[in-house]
Amino acid sequence: MHEPSLDILEFPAVLAVLANCAQSVVGAEKLLGLRPLKDADAIRDALAEYAELEGAIAGGVWPGLGEVRDIRPLVFKAAPQGAHLDPVELLHIRDNLHSSVRLKALLSDLDARKKYPLIAVRVENLSDLSGLAHELGRILDDKGFIKDNASPTLLRIRREIARGRNGARAVIDEIRADTATAQALQEDYITIREDRYCLALKAGMHNVVDGVIHGASASGATFFKEPLVLVRLNNRVAELRKDEAVEELEILKAATTGVREAGPALLNDLETLISFDCLEAKKRFAGKIGGIAPVVKPWQSDVEFELIGARHPLLVLKAGIIVTPIDIAIHQERVLVISGANTGGKTVALKTIGLLTLMATSGIPVPAGEASVFVNFPSVFADIGDSQDITASLSTFSAHVRRVKEFLEVEEGALVLIDEIGAGTDPAEGGAFALAVLEHLKQRGALCVVTTHLNILKGRAATRNGYLNASVEFDEASFKPLYRLRSGAPGPSLGLSIAQSLGVPDHIIEAARGFISPDEGAFMESIRRLDEEREAVAAARKRLDALASRRDKALERFKGEREGIRARSRASLESIVSAARAQIEFAINALKKAETTGDARRIGKDVNVVYARTSAVLSPSRAIGQAGCAPQQGDKVKLSESGKKGVVMRVDAKAGKAEVMVGGLKIWAAFDRLTQTGPEVDKRQAMAHLLIEAQARTINIIGSRVAEGIAVVQRFLDNAHMAGLESVEIIHGTGTGVLARSVAEYLRACPFVKGFRLAVPEAGGPGVTVVELK
């Protein structure tokens, strides 16, 4: 990674904010050392691990890390035999152990282990030092003091000390109760000097009480005197204090031995705790900037780079600023040229692209939409800002050229960001230099994003493959930047308009416009026309989206109604079958009880009637005679013997015959020779016509205006999708590229488009787009 570019893109400033989100000093140190990862698997794992932590927190199963201390110096201090750690140092060891124990509880939840496998692996690597944690918790309280019951000996000593102090207090209270002594007391309180109980006596009256003077106040007005009656008692307490210190030292040495033995495990666990501290810090950082775990794809020659709703994180953190998100999509292009008015946000857009790329490939959440796709570029180079260096006798252009020179030998797949390329010198020479540099970098396989005011670069991007124009939007009515990035069209610099808004006299502005060459004026006018056409395309697309939405809603409504019809039909059929079954079962029971042949025939006739009625409902395409009902005048029927179709003209129900017009002839036919066809044929013909229309795999929209072409493409793809085609071709030609880009924009948004690409050269190349359908 090009280290100077990290500073230019403000990556260290982002790391500083991230490090402040860590709980521990060691976690902050690790975050400050983050750098973009080159290995795609490492990036994937880092982001996946962060996503697991997000899920664990959201799911309420994350126990929280707690304190993480840098215990490395303590482990080294405990290494020599006979060494001991003080209580506060042991408390720091205990804090880390408690954090480890808390995390290991996560493994007891089997569902959590399955849902968060990467976190589970880290937790499993933590050592089982619960015994040491318990021992340190047994001997130390939360403030770092050794507990009374840390050992039986210490408990006995401290109880004796307490008894001695209580006895001393009782003696002091008796002395204070004496009237003569009370008058000599400076204050009515007990003081302790050199760990011995004393009285605070007024100077000149301190001889009222016999004893040992342990000092005086700074003013000399008070003497601190230990009464003789307390000397023996205080001496005993002092001896006990020495015994207490010896016992405490033994307790600390024993605890330190446990730390020494667990030293390697403690250091290993510290690395795991630091990793979790960093993950929690990323989560807090994401909350501050509205960050998400990005999708990062390995670099390939045809990889697509797309930022949706991207924001500069340092601007997001700045109070009082509303940051406008930007959208940037780079697909088959290799050079993105961003132009537009001054103060419009070109440099911010450039920095946002570079900084978010560095963050994403470092495993850091980014402030962007979830649909964004980042690329793991092998390296990132940036030249942004005024590089003038007076001490080195370098002008702005010279410093700019020196920086660009460093980029010329970049590796394939490098991301190169250059602000105001070719600026600072004669525009003609600067533009020529910029074009030569961009062509060189493009041929080396780099992806370049540059900002410019040079029309020669805007024109190049508008007419050459591999280049793409983009512009920052500016409200010319209010002369305020909108900070939105618009893809596909260059932007005017609006220098004269801005100067006029700042109060420059009109006659100077008009004179300046008169000095603009005809070619420059024509180019600026073409930019305006492109803007107008783009707005027309946007309006057309909006209308198409509205129509598509209406279509989708109608389709959903139709599906719902169809399901309702199916449900009612099933219920009706079940009712018919159930009724028929009941009637037939009744007839069978009656037949068993029939006493005469006539009764049996009558029952059999009833069964035939039930069968005929049910068959007529369940199989309407049966012969009319079998259905048990007569045809109606005007019914469409088919003759069973010849298969010829006709229309019923007259019906003789008594004779069971119908007169049918077949071609130009009228013939009489029995009901059982006729089959009703109904209107289904017309529906099949309509569907067949639709399928025939959709079977065309290629459509030509060359010469169409954008709105017309998109409408034709939409209808074409609808039919092709209904026909089940897997791929089709759209012929749009090359021309200015506006129609091709508009088609590409529509295809990206089309719900049943699986993917698309330009055709191979022998099949039309950039003038033909091959579309794969879902």
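Preceding this paragraph is the structure being described.
These figures come from a predicted structure and were not determined experimentally.

Criteria and thresholds
- Residues numbered from 1 in each chain as written.
- Predicted model: local features only at pLDDT ≥ 70, side-chain atom pairs only at ≥ 80, totals over all residues.
- Heavy atoms only, no water.
- Helix = DSSP H or I, 4+ residues; strand = E, 2+ residues; numbered from the N terminus.
- Buried < 20%, exposed > 50% of the residue type's maximum accessible area, 1.4 Å probe, protein only.
- Contact = heavy atoms within 4.5 Å.
- Areas by Shrake-Rupley, 256 points an atom, 1.4 Å probe, with all protein chains shown as cover.
- Pairing = 2+ DSSP bridges.
- Axes fitted to C-alpha atoms, helices over the stretch in contact; angles between N-to-C directions.
- Parallel < 35°, antiparallel > 145°, perpendicular 65-115°, else oblique.
- Nonpolar A, V, L, I, M, F, W, Y, C, P; charged D, E, K, R; others polar.
- Salt bridge = Lys/Arg side-chain N within 4 Å of Asp/Glu carboxyl O.
- 1 Å grid on protein atoms, 1.4 Å probe; cavity = no way out; pocket = protein on both sides within 12 Å on 5 of 7 lines; lining within 4 Å.
- Points joined across faces, edges and corners; volume = space filled by probe spheres on them.
- Core = buried A, V, L, I, M, F, W, Y, C linked by side-chain atoms within 4.5 Å.
- Polar contact = N/O pair within 3.5 Å; in protein donor to acceptor, adjacent residues only side chain to side chain.
- Expected span 1.5 Å × (residues − 1).
- Phe/Tyr/Trp six-rings, centres within 6.5 Å; stacked < 30°, edge-to-face > 60°.
- Left-handed = near helix turned anticlockwise from the far one by under 90°.

**Student:** Can you help me understand the overall build of the chain in this one?
**Tutor:** A tally of regular secondary structure across the chain gives 26 helices and 23 strands. Taken across its 774 residues, the chain has 41% of its residues classed as buried. Summarising the internal contacts of the chain: among those between residues at least 6 apart in sequence, 66% fall at separations of at least 24. With the model as given, the accessible surface of the chain reaches about 40400 Å², and the carbon-plus-sulfur share is 54%.

**Student:** What is the right way to look at the pairing of strand β17 (residues 657-662) in this model?
**Tutor:** Consecutive side chains along a regular strand alternate between the two faces of the sheet. Inspection of the sheet shows strand β16 (residues 645-652) paired to β17 by five bridges, in the antiparallel sense. Opposite Val647, over in β17, you have Met661 as the bridge partner. Linkage of β16 to β17, two consecutive antiparallel strands, is achieved through a turn of four residues, within which Gly656 is found at a positive phi near 70 degrees. Examined bridge by bridge, β17 and strand β18 (residues 665-670) share six bridges and lie antiparallel to one another. In the sheet register, Met661 faces β18, and the bridge partner there is Lys666.

**Student:** Before we go on, may I ask you to explain the packing of helix α4 (residues 40-58) against helix α13 (residues 263-289) in this structure?
**Tutor:** In helix packing, the relevant descriptors are the interaxial angle and the interaxial distance, both defined with respect to the helix axes. It is the contact of α4 with α13, at a shortest axis distance of 10 Å, that shows an interaxial angle of 75 degrees. Viewed along their axes, α4 and α13 adopt a mutual orientation that is roughly perpendicular. Taking contact as the criterion, the partners of Glu49, Tyr50, Leu53, Glu54 and Ile57 in α4 are, on α13, Leu279, Glu280, Lys282, Lys283 and Ala286. By residue class, the composition of the contact of α4 with α13 is five nonpolar, no polar and five charged.

**Student:** Looking at this structure, I do not really get the sheet that holds strand β19 (residues 674-676). What am I missing?
**Tutor:** Consider a sheet: its strands pair through backbone hydrogen bonds, and that pairing is either parallel or antiparallel. The five strands lie next to each other as β18-β17-β16-β15-β19, forming an open sheet whose pairing is antiparallel. Strands at the two margins of the open sheet, each flanked by one partner only, are β18 and β19. Adjacent strand axes in the sheet meet at a mean angle of 45 degrees when their direction is disregarded.

**Student:** For this particular structure, what's the right way to read the environment of Met359?
**Tutor:** Residue position: Met359 is located in helix α15 (residues 346-361). C-alpha separation for the pair Met359 and Arg35, spaced 324 residues apart in sequence, amounts to 8.6 Å. Apart from the residues lying within four places of it in its own chain, the contact partners of Met359 are Phe11, Val14, Phe285, Ile289, Pro313, Ile364, Pro365, Val366 and Pro367.

**Student:** Help me out: how do you make sense of the pattern of salt bridges in this one?
**Tutor:** Between side chains of opposite charge, pairing is possible as soon as their charged atoms come close. As enumerated under the stated definition, the model contains 26 salt bridges in all. A salt bridge links Glu10 to Lys351; the shortest N-O distance between them is 3.7 Å. Separated by 341 residues along the polypeptide, Glu10 in the loop between α1 (3-8) and α2 (11-19) and Lys351 in helix α15 bring together distant segments of the chain. A residue is classified by how much of its surface remains accessible, and Glu10, at 26% relative accessible area, is partly exposed. With a shortest N-O distance of 2.8 Å, Asp70 and Arg72 are connected by a salt bridge.

**Student:** Would you mind going over empty space enclosed by the protein with me for this structure?
**Tutor:** One way to see where empty space is left: roll a probe the size of a water molecule over the atoms. Across all of its chains, the model carries four cavities of 30 Å³ or more by this definition. Put simply, the largest cavity is a space of about 70 Å³. Lining the largest cavity are Val537, Ala540, Arg541, Val706, Ala707, Ile710, Ser742, Glu745 and Tyr746. Elements supplying a minimum of two residues to the lining of the largest cavity: α21 (518-593), α25 (706-722) and α26 (738-749).

**Student:** Explain the environment of Leu408 to me, please; I cannot follow it from the model alone.
**Tutor:** Examined against the element boundaries, Leu408 turns out to sit in the loop between α16 (396-407) and β11 (415-418). Residue classification places Leu408 among the partly exposed residues on the basis of a relative accessible area of 25%. Sequence separation between Leu408 and Leu441 is 33 residues; the distance between their C-alpha atoms is 6.6 Å. Each residue touching Leu408, except ones within four places of it in the same chain, is listed here: Val437, His440, Leu441 and Arg444.

**Student:** Before we go on, may I ask you to explain the nonpolar core in this structure?
**Tutor:** Membership of the largest hydrophobic core comes to 100 residues, with the highest contact counts inside it found for Ile93, Leu266, Met359, Leu417 and Val449. Ranked by residues supplied to this core, first place goes to α13 with 11 residues. What Ile93 contacts, discounting residues up to four positions off in sequence, is Ile71, Leu74, Leu85, Leu136, Val259 and Leu266.

**Student:** Mind showing me how you'd approach unusual backbone geometry here?
**Tutor:** Not every positive phi belongs to a glycine, and Glu10 is a case in point at roughly 65 degrees. In this structure, Glu420 is a non-glycine residue whose phi angle is positive, near 50 degrees. Mapped onto the elements, Glu420 comes out in the loop between β11 and α17 (427-443). Looking at Glu420, the relative accessible area reads 24%, which means it is partly exposed.

**Student:** For this particular structure, what's the right way to read the environment of Glu439?
**Tutor:** Mapped onto the elements of the fold, Glu439 is located in helix α17. The spacing of Glu439 and Val335 is 104 residues in sequence and 8.9 Å in space, taken between C-alpha atoms. The contact partners of Glu439, leaving out residues within four places of it in the chain, are Arg460 and Tyr467. At 3.1 Å, the side chain of Glu439 and the side chain of Arg460 are in polar contact.

**Student:** Can you help me understand the sheet that holds strand β20 (residues 698-700) in this one?
**Tutor:** Taking strand neighbours across the sheet as the criterion, the four strands line up as β20-β21-β23-β22 in an open arrangement whose pairing is mixed. Of all strands in the sheet, those bounded by a partner on one side alone are β20 and β22 (753-758). Across this sheet, the average inter-strand angle for adjacent strands is 20 degrees, counted without regard to direction. Pairing of β22 with strand β23 (residues 768-773) involves five bridges; the strand directions are antiparallel. If you follow Gly755 over to β23, its bridge partner there is Glu772. Taken strand by strand, α26 contacts β21 (727-731), β22 and β23, and its axis lies near 155 degrees from that of β22.

**Student:** Would you explain α15 in this entry?
**Tutor:** Owing to its 3.6 residues per turn, the α-helix aligns residues three or four sequence positions apart on the same side. For α15, which comprises 16 residues, the first-to-last C-alpha distance of 23 Å matches the rise-based estimate of 22 Å (1.5 Å per residue) to within 8%. α15 sits mainly inside the fold: 14 of its 16 residues count as buried. In the stretch just after α15, Gly363 is the one whose phi turns positive, near 80 degrees.

**Student:** Sorry, what's going on with the packing of aromatic side chains here?
**Tutor:** The geometry of an aromatic ring pair is captured by two quantities: the separation of the ring centres and the angle between the planes. In the structure shown here, the tally under the stated rule is five aromatic pairs. With a centroid separation of 5.6 Å and an interplanar angle of 70 degrees, the aromatic rings of Phe305 and Phe377 are classed as edge-to-face. With Phe305 in strand β6 (residues 305-310) and Phe377 in the loop between β9 (373-376) and β10 (380-383), the pair connects residues that are 72 residues apart, well separated along the chain. A relative accessible area of 5% means that Phe377 is categorised as buried.

**Student:** Quick question: what am I supposed to make of the side chain of Ser100 here?
**Tutor:** Structurally, the position occupied by Ser100 is in helix α6 (residues 87-104). Not counting chain neighbours up to four residues away, the residues in contact with Ser100 comprise Leu126, Asp269 and Leu273.

**Student:** Mind showing me how you'd approach the side chain of His732 here?
**Tutor:** Mapped onto the fold, His732 is located in the loop between β21 and α26. Relative accessible area serves as the criterion here: at 5%, His732 is assigned to the buried category. Polar contacts involving the side chain of His732 include one to the side chain of Thr769, which spans 2.7 Å.

**Student:** Where do I start with the packing of α6 against helix α12 (residues 228-261) in this structure?
**Tutor:** Running from amino to carboxyl end, α6 crosses α12 at an angle of 35 degrees, the nearest separation of the two axes being 11 Å. Between α6 and α12 the crossing geometry is left-handed. In this structure, α6 uses Pro87, Leu90 and Ile93 to contact α12, whose residues at the interface are Leu252, Ala255, Thr256 and Val259. Per-class residue counts for the contact of α6 with α12 are six nonpolar, one polar and no charged.

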